[in-house]
Every structure is written in C-alpha cells, then in structure tokens.
Amino acid sequence: MENDPVASRLSAVYAELPPGERAIVRVLLDDYPFAALGSLRALAERAGVSPPTASRLFDRLGYGGFADFQAAVRDGARGRSRLHEYVTHETDVSPAPSRLRRAADDLRSGLEGTLAAVPEPLLTATAALLAGARTVWALGGPLSELAAEYLIRQLAGLRPGAHPVPGSAEARARTVLDLGSSDVIVAYDFRRYSSATARFVRAARGRGARLVLVTDAWGSPLAGEAEVLVRLPREAAGPIAPLVHEIAVTELLLVATAARLSPARRLADLDEITQSLQ
C-alpha cells in the first residue's frame, strides 16, 4: 500500500483535515483499497459521519466526486501483482514455515469466504442460463482461462453446445457473428483485467448474448454488462491468483447445472464412446 499513490496522498493530508474527514481517511487506510469500493453512504456510515462530509473530502483532494476517487483507486491497483505485493511485504522476513502457514490460513479462509459468497439463488440463476442456453462459450484471462477451460470440459459432458472462446481475433469474430440472445458467455475476469476478454464480451453483448461474469472484489469493468454476477470476496485474493477459488465456484455452478439437466444417459454414452476410441 505504501507504493500506491492514492493511499500515499491520503496519508500525507491526514493531519491537515478536519475531524470528520480524518475519520473517513482512517477507514480508507485501515481497509485499503476495499473500503473505497462500496457506496459513499456505506463509507460514511463506517466512519460515523454524514455523506456530505465524505463528499467534501474527495472535493478537497481534487477529485470530481467519489466516483472519480474510486476510479483512481482501481487504476492504482490494476498494475500491481498480488504475488509481488506478498513477497515484498515487510512481514515476509519471517521464516519460510511461518509464511507457508500464513499462506495456508489465507487459502482456507479465502475458500470459506468464496463459498459463502455464492448463495443458492445465485447458483440457481446461473444454472438456469447454463442449462437453457443454445450455446455456452467461456473465456478468461492469462490465468483464469484455466477455470474457463475446466468449466467447458465438464459442461460439455452434461450438455451439447459448450465451447471455449477461440484465441485469435479472426476465430472470435466468426464466433460473435453467430451469437444471439439464446447464447451465454461465461467470463472469468480478475485483476489485472483482460482487455481481450472485455473486447470479446462487449462484441458478444452487442449481438444480444447474455453474460455470466465471475470476478473479484474490485469489480471487473464488465460488471455492468452481466446478467449474473459472481463476485469473489476480498478474502479470496491470496498472494497468488486464487485459481482454487475460481475452480471451487465453477464446481458449484456445474453441480447446480447438472441438477437441471439429468445428464446420466449422455454421460454413459460419453464413457462408452471414450472407451471405444482408446
């Protein structure tokens, strides 16, 4: 956080602020950057001040309102690697076993928080889309593409018409050309957010395709495009990209989808054909 320009600026002006605005800064720095990602009203309530008091702080800092401040926070965070932050943190002078225990604890608590963040109504809504779509296409970024690939591999056993989004611009264009309102895109989009994913999703949405978005506490730029939004909590943001959490959520989505499809005959046929080809 010490290298974040927004956080550094908040720390620098803290002593010069009136009490109400200092209270806002304390909340922001104590839970940075996540305290900045909710609503202005929620932030003011956490600090015990009124929303106008909070607004005055951001005006004083030269932002064009709270939305501009949030944009600056997100911009400052997108370029930072979680792994880099972890290995350069001052507490990492501790012995390796201590670091490993801490990483295991973070992984465990993150997984618990992730599963709690996907309630049954959200699973039901997603499963309805995945089961009822004409086709399902999935994609992700440099690491989250592994979760997208896993979704498609398993979903293709449950139903026809499940495909990974191809890699080249030409192949993606051919895919978008045939999309419509009966097709579903599943995008995994995590900090640092993928511009290639955003371009494909927006093109697909332009053809009427529906979007299931799995993202993080920061909120992908695609969040406003999603019909179903699965947001992993900040506890899932471990020192390394939390693929285990993405896979865990994907498993839940697959189980919920399978319950709507009754795919036993298809899976039996798949096993029989697989054996015949070996």
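Residues numbered from 1 in each chain as written. Predicted model: local features only at pLDDT ≥ 70, side-chain atom pairs only at ≥ 80, totals over all residues. Heavy atoms only, no water.

**Q** Before we go on, may I ask you to explain the confidence of the model for the protein in this structure?
**A** Residues shown with low pLDDT carry predicted positions that ought not to be read at fine detail. Predicted confidence across the protein gives a mean pLDDT of 84, with 86% of residues reaching 70 or more. pLDDT under 50 marks residues 81–93. Its contacts with residues more than four places away, or in other chains, come to 21 contacts. (pLDDT = per-residue confidence, 0-100. Contact = heavy atoms within 4.5 Å.)

**Q** Teacher, can you tell me more about the sheet that holds strand E3 (residues 183–188) here?
**A** Paired through backbone hydrogen bonds, the strands of a sheet run either parallel or antiparallel to each other. The strand order E2-E1-E3-E4-E5 describes an open sheet built from 5 strands, whose pairing is parallel. Across the chains shown, the open sheet's two edge strands, defined by having one partner strand only, are strand E2 (162–164) and strand E5 (228–231). The mean inter-strand angle of the sheet, taken between neighbouring strand axes irrespective of direction, is 15°. Looking at chain direction, strand E4 (residues 210–215) and E5 are connected through 4 bridges and run parallel. Note on E5: the bridge partner recorded for Val-212 is Val-228. Contacts from helix H9 (residues 145–158) reach strand E1 (135–140), E2 and E3, with the element oriented near 155° to E1. (Pairing = 2+ DSSP bridges. Helix = DSSP H or I, 4+ residues; strand = E, 2+ residues; numbered from the N terminus. Axes fitted to C-alpha atoms, helices over the stretch in contact; angles between N-to-C directions.)

**Q** How do you make sense of the pairing of E3 when you look at a structure like this?
**A** Look at any regular strand and the pattern is simple: side chains alternate between the two faces of the sheet. Among the 6 residues of E3, 6 are classified as buried, and the element is accordingly described as predominantly covered. Here E3 shows two buried faces, one formed by Asp-183, Ile-185 and Ala-187 and the other by Val-184, Val-186 and Tyr-188. Examined bridge by bridge, E1 and E3 share 6 bridges and lie parallel to one another. Paired with Gly-140 across the strands is Tyr-188, a residue of E3. Note that E3 and E4 share 5 bridges and pair parallel. If you follow Ala-187 over to E4, its bridge partner there is Leu-213. (Buried < 20%, exposed > 50% of the residue type's maximum accessible area, 1.4 Å probe, protein only.)

**Q** For this particular structure, what's the right way to read the pattern of salt bridges?
**A** A side chain with one charge can pair with a side chain of the opposite charge if their charged atoms come near. Going through the model one piece at a time under the given rule, you end up with 6 salt bridges. Across the pair Glu-149 and Arg-153 runs a salt bridge whose closest N-O atoms are separated by 2.8 Å. With Glu-149 and Arg-153 both in helix H9 and 4 residues apart, this pair spans about one turn of that helix. Judged by its relative accessible area of 37%, Glu-149 is partly exposed. Assessed through its relative accessible area of 62%, Arg-153 is described here as exposed. (Salt bridge = Lys/Arg side-chain N within 4 Å of Asp/Glu carboxyl O.)

**Q** Explanation requested: the environment of Arg-172 in the structure shown.
**A** Counting through the fold element by element, Arg-172 comes out in helix H10 (residues 169–177). The class for Arg-172 is buried, based on a relative accessible area of 17%.

**Q** Sorry if this is basic, but what is going on with the pairing of E4 here?
**A** Most of E4 is tucked away, with 5 of its 6 residues classed as buried. On the question of chirality, the crossover connecting E3 to the parallel E4 by way of helix H11 (residues 195–206) is right-handed. (Right-handed = clockwise from strand over helix to strand, strands pointing away.)

**Q** I would appreciate a short explanation of helix H4 (residues 51–60) in the present structure.
**A** Among all positions of H4, only Thr-53, Ala-54, Leu-57 and Phe-58 are buried. An end-on view of H4 places all buried positions within 140° of arc, on one side of the element. Where H4 ends, the next residue or the one after it, Gly-62, has phi of about 95°, a positive value. (Arc of directions from axis to C-beta.)

**Q** How should I be thinking about the environment of Glu-225 in this particular structure?
**A** Along the chain, the position of Glu-225 falls in the loop between E4 and E5. In this structure, the C-alpha to C-alpha distance between Glu-225 and Arg-205, residues 20 residues apart in sequence, is 7.7 Å. Residues within four places of Glu-225 in sequence aside, it is in contact with Arg-202, Arg-205 and Leu-211.

**Q** Can you walk me through the packing of aromatic side chains in this structure?
**A** Two aromatic rings are characterised by how far apart their centres lie and by the angle between their planes. Taken as a whole and assessed by the stated rule, the structure comprises 4 aromatic pairs. Taking the centre distance of 4.5 Å and the plane angle of 35° together, the rings of Phe-58 and Phe-69 count as tilted. Within this pair, whereas Phe-58 is found in helix H4, its partner Phe-69 is found in helix H5 (residues 66–78), the two being separated by 11 residues in sequence. Where Tyr-63 meets Phe-69, the ring centres are 5.3 Å apart and the plane angle is 80°; that geometry is what we call edge-to-face. On the basis of relative accessible area, Tyr-63 is assigned to the buried category, the value being 15%. The structure contains a cluster of three or more aromatic residues connected by ring pairs, namely Phe-58, Tyr-63, Phe-66 and Phe-69. (Phe/Tyr/Trp six-rings, centres within 6.5 Å; stacked < 30°, edge-to-face > 60°.)

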